[in-house]
Amino acid sequence: MTSVKTNSATPRSAVTGTFDALIVGAGFAGLYQLLCLCDRLGLSVRVLETADGVGGTWYWNRYPGARCDSESHSYCYSFSDALLQEWEWTERYPEQPEIIRYLNFVADRFDLRRDISFGTRVTAARFDAATHRWLVTTEAGDTLSAKFLIAAVGCLSAANIPNIPGLDDFAGDWYHTGQWPHDGVDFTGKRVGMIGTGSTGIQAAPVIAETAAHLTVFQRTANYSVPARNAPLTAEFKRYVKANAAEIRRVMRATTNGHAFTISDRLTFDVTPEERQALYEAAWEKGGLQFRATFQDLMVDRAANDTAASFIRAKIREIVKDDKTAAALSDIDHPYAAKRPPIDTGYFETFNRANVSLVDLRASPIERITPTGIATRDAAFDLDIIVFATGFDAMTGPLLKLEITGRDGIALRDAWRVGPRSYLGLQIAGFPNLFTVTGPGSPSVLCNMPVAIEQHVEWITDCIAHMREHGLQCIEARSEAADQWLEQVNAAANATLLPLATHSWYFGANVPGKPRVFMPYAGGMARYREICAEIAARGYEGFALSG
Ligand SMILES: Cc1cc2nc3c(=O)[nH]c(=O)nc-3n(C[C@H](O)[C@H](O)[C@H](O)COP(=O)(O)OP(=O)(O)OC[C@H]3O[C@@H](n4cnc5c(N)ncnc54)[C@H](O)[C@@H]3O)c2cc1C
Ligand SMILES: NC(=O)c1ccc[n+]([C@@H]2O[C@H](COP(=O)([O-])OP(=O)(O)OC[C@H]3O[C@@H](n4cnc5c(N)ncnc54)[C@H](OP(=O)(O)O)[C@@H]3O)[C@@H](O)[C@H]2O)c1
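Residues numbered from 1 in each chain as written. Chains lettered and ligands numbered in written order. Predicted model: local features only at pLDDT ≥ 70, side-chain atom pairs only at ≥ 80, totals over all residues. Heavy atoms only, no water.

A. Molecular detail of the environment of Ala309. Its place among the elements puts Ala309 in helix 9 (residues 302–319). Along the sequence, Ala309 and Cys463 sit 154 residues apart, while their C-alpha atoms lie 43 Å from each other. Not counting residues up to four positions away in its chain, the partners in contact with Ala309 are Tyr224 and Tyr336. (Helix = DSSP H or I, 4+ residues; strand = E, 2+ residues; numbered from the N terminus. Contact = heavy atoms within 4.5 Å.)

Laid out in structure tokens, this is it:
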């Protein structure tokens, strides 16, 4: 039986007490929520965090090649001018160690650690109707109470380890990329099998291949990817970022996707085929998520999208020398960017190495894991290490794991049995004074996340400030408002090509048995920001507020 080396954090001394607010999670969201509630509102707040340190995603995802896909000058907080001036990124897309350094810098800069209990996993949260307070229980059995409970548990923090028969009998080591050991994994001379070709697998494969004796990539769904074109930032660019911090923030807050680039207003078929090819070539050379912004209609017009898809497929076939491998890698069954589009550093080129091979699971699915490796329908692969780059029980997974029970004893698991139902992704009917940062029904994962997180945290903070000003004790989303919002979430998704990737984790389709509901709001971050602001300005329309 394999030892699974993860970063399970050790519980600390007893964590108890009575607070104005409890926050679960110390990633980008939890840290900023803590700062806002303590410094701006003067509340007593405690953050409960499973990990031994701050960072969330960047604490857990230490796999080889882990770095962000958002560009560094946009993958950071923008609420503090001073912080924007003090911190300096080194690369276009910083690696995990640099991002975790940044989040530790933020925690120290704003003196946040004293209010965080690390090594503290929340295992249950119950609303007590008699006292109108949340009672929160930790894995160690401690209980805390608070008027407000804020789930800042992340959208991508519950690892999805597929239930493949035989894993317990595997004699080698196995790891999930989202629970990577802090002391790393030595692949030297090892036969490594990696399952999964999402953003994670596509980042990890080229780096694992550098030291492994052999890397076998098990691909279920072929994926598009565009070169990241990572590079150290020039002194000139660093100066530009500092001098233009306010303008960069303005752009990020005004765009659909929260990035620091705008989407072109050109339509795909308003240019000639030659011009289109030249524009795609230029975008390919520039690299990064901006490829999606080449034309305005790529995510709404299938024929337009097909032009981008064909361009990328042709690039894959051009790069990958072995015809059979190239065919399997470019046999992509969904529109470009209908699943979260990865960007890479030498992913397709990796398949030209002698020590890398691809297994097409559509042609021959995995049947079981054996003591010596992975058996597909047609072949057996001997492995020393299996890497699960198999993603997450996204968006709802971390919230459901909190085992939340609301008013009248309703369990969130029951309320969401047929899929998440939330008002604005911020509050759930039947769960008073519970806020979810980047919850399902908000733009969250369709947006550059620090932007989505800041907007939510600031909205929640303003809402609590409003309640205090007006002597209000309770806020709860009205059921009919949540229903209407769900209709808007569905309508927004259906106005795009996103629902055409039916196997996407945006639908929960990667987790067997999970309800198939399109979870994020696809109407764009800028529009969503306006909606939230209008609702607040109309006295928190759709929420029931009571004294
Ligand atoms: C590998 C990877 C790369 C990414 N790159 C990008 C990118 O380039 N751009 C982008 O916009 N987004 C990216 N994301 C998404 C990323 O999750 C967000 O950008 C952001 O880090 C989320 O911050 P958060 O605070 O909301 O959640 P997280 O960072 O996930 O933090 C949540 C925290 O809550 C804690 N927690 C959860 N449940 C409990 C519990 N029951 N008790 C106690 N603690 C709990 C977790 O331990 C975790 O520390 C990436 C995600 C991954 C996995
Ligand atoms: N730098 C970045 O910005 C970055 C990096 C990593 C992750 N992320 C974020 O995290 C999200 C998740 O990325 P991810 O790559 O970790 O997960 P993912 O996108 O869900 O990809 C998981 C991969 O594992 C495969 N898989 C899952 N279960 C399987 C099974 N039972 N058998 C065979 N294959 C299986 C999936 O195949 P199917 O497609 O067939 O389901 C898919 O290829 C991203 O979309 C992104 O939002 C961002």
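B. Just the site of ligand 2, in detail. As a structural note, the neighbourhood of ligand 2 is formed by 23 residues, with Arg67, Thr200, Thr221, Lys339 and Arg340 the closest of them. In this structure, an oxygen atom belonging to ligand 2 sits 3.1 Å away from a main-chain N or O atom of Ser199. In isolation ligand 2 offers 900 Å² of accessible surface; the protein chains occlude 89% of this area. (Near = heavy atom within 4 Å. Polar contact = N/O pair within 3.5 Å; in protein donor to acceptor, adjacent residues only side chain to side chain. Areas by Shrake-Rupley, 256 points an atom, 1.4 Å probe, with all protein chains shown as cover.)

C. Expanded view of the side chain of Thr120. Take Thr120: it is sitting in the loop between strand 3 (116–117) and strand 4 (122–128). Owing to a relative accessible area of 4%, Thr120 belongs among the buried residues under this scheme. Among the polar contacts listed, one links the side chain of Thr120 to the backbone oxygen of Phe118, at a separation of 2.9 Å. (Buried < 20%, exposed > 50% of the residue type's maximum accessible area, 1.4 Å probe, protein only.)

D. Spotlight on the site of ligand 1. Taken together, 32 residues lie near ligand 1, and Glu49, Asp69, Ser70, Tyr75 and Met449 sit nearest. A distance of 3.1 Å is found between an oxygen atom of ligand 1 and a backbone nitrogen or oxygen belonging to Phe28. In the model, an oxygen atom of ligand 1 is placed 2.7 Å from a nitrogen or oxygen of the Met449 main chain. Alone, ligand 1 offers 980 Å² of accessible surface; in the complex the protein occludes 93% of this. Only helix 1 (28–40), helix 2 (57–60) and helix 14 (449–469) provide two or more residues apiece to the shell around ligand 1.

E. Quick look at unusual backbone geometry. The phi dihedral of Asp111 is positive, around 50°, even though this residue is not glycine. Checked against the element boundaries, Asp111 lands in the loop between helix 4 (96–109) and strand 3. For Asp111, a relative accessible area of 42% gives the class partly exposed. Although it is not a glycine, Leu424 adopts a positive phi angle of roughly 65°. Inspection of the secondary structure assignment puts Leu424 in the loop between helix 13 (412–415) and strand 18 (434–436). A relative accessible area of 0% places Leu424 in the buried class.

F. Inspection of the pattern of salt bridges at higher detail. One pass over the full model with this rule turns up 30 salt bridges. A salt bridge links Lys242 to Glu88, with the shortest nitrogen-to-oxygen separation between them at 3.4 Å. Taken together, the residues Lys242 in helix 6 (residues 235–243) and Glu88 in the loop between helix 3 (81–86) and helix 4 connect sequence positions 154 residues apart. With its nearest N and O atoms 2.9 Å apart, the salt bridge here joins Glu247 to Arg250. Taken together, the positions of Glu247 and Arg250, both in helix 7 (residues 245–254) and three residues apart, correspond to about one turn of that helix. The partly exposed category is assigned to Glu247, whose relative accessible area is 38%. Taken together, the salt bridges that share partners define one network made up of Arg67, Glu91 and Glu95. (Salt bridge = Lys/Arg side-chain N within 4 Å of Asp/Glu carboxyl O.)

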